[in-house]
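Examining the three-dimensional arrangement
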Amino acid sequence: MHPALVITLVALAVYFGSCYFHPYRKCKACNRSKESHSTTFKGAFGKCRACNGRGHHIRLGARILNQK
Ligand SMILES: [Zn+2]
């Protein structure tokens, strides 16, 4: 087997292993607070629209793993 292919396969295995144990990544928009704060009206807030109030996003690798 080609060395570059072996490296790619190992990298994929590490990535999917990581996605299995840590399937989520934090939402950058709300920084896991799950809330979206109004910049116009002080103190007004709603659920974060970027993550739909979950505070995290499912990683691409975890989404692929969950399809099985
Ligand atoms: Zn969010």
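In this text, all values refer to a predicted model and were calculated from it rather than measured experimentally. (Residues numbered from 1 in each chain as written. Predicted model: local features only at pLDDT ≥ 70, side-chain atom pairs only at ≥ 80, totals over all residues. Heavy atoms only, no water.)

1. A short note on a positive patch on the surface
- Residues Arg-25, Lys-28, Lys-47, Arg-54 and Arg-63 make up a contiguous surface patch of positive charge.
- By the element assignment, Arg-54 lies in the loop between strand S3 (45–47) and strand S4 (56–58).
- You can call Arg-54 partly exposed: its relative accessible area is 46%. (Patch = residues over 30% accessible without salt bridge, like charges linked within 9 Å, V, L, I, M, F, W, Y side chains within 5 Å. Areas by Shrake-Rupley, 256 points an atom, 1.4 Å probe, with all protein chains shown as cover. Salt bridge = Lys/Arg side-chain N within 4 Å of Asp/Glu carboxyl O. Lys, Arg positive; Asp, Glu negative; His and termini not counted. Charge placed at Lys NZ, Arg CZ, Asp CG, Glu CD. Helix = DSSP H or I, 4+ residues; strand = E, 2+ residues; numbered from the N terminus. Buried < 20%, exposed > 50% of the residue type's maximum accessible area, 1.4 Å probe, protein only.)

2. Considering unusual backbone geometry
- Despite not being glycine, Arg-32 shows a phi value in the positive range, around 70°.
- Note on placement: Arg-32 falls in the loop between strand S1 (24–26) and strand S2 (35–37).
- Given the relative accessible area of 61%, Arg-32 is considered exposed.
- Its identity is not glycine, yet Asn-52 carries a phi of approximately 60°, on the positive side.
- Tracing the backbone through its elements, the reader meets Asn-52 in the loop between S3 and S4.

3. Focus on the confidence of the model for the protein chain
- Of the residues in the protein chain, 99% have a pLDDT of 70 or more, and the chain-wide mean is 96.
- Helix H2 (residues 60–66) is the least confidently modelled element of the protein chain, averaging 95 in pLDDT, while helix H1 (residues 3–21) averages 98, the highest of any element. (pLDDT = per-residue confidence, 0-100.)

4. Some words on the coordination of the zinc ion
- Taken together, Cys-27 (SG), Cys-30 (SG), Cys-48 (SG) and Cys-51 (SG) make up the protein donors of the zinc ion, found 2.2 to 2.3 Å from the metal.
- The motif formed by the donor residues of the zinc ion, counted along the single chain, is C-x2-C-x17-C-x2-C. Of this pair, Cys-30 sits in the loop between S1 and S2 while Cys-48 sits in the loop between S3 and S4, placing them 18 residues apart in sequence.
- The class of Cys-48 is buried, set by a relative accessible area of 3%. (Donors = N, O, S within 2.8 Å, 3.2 Å for Na, K, Ca; no water.)

5. Topic: a nonpolar patch on the surface
- A cluster of nonpolar side chains, Met-1, Leu-5, Val-6, Leu-9, Val-10, Leu-12 and Val-14, forms an exposed patch at the surface whose accessible area comes to about 670 Å².
- For Met-1, the location among the structural elements is in the segment before H1.

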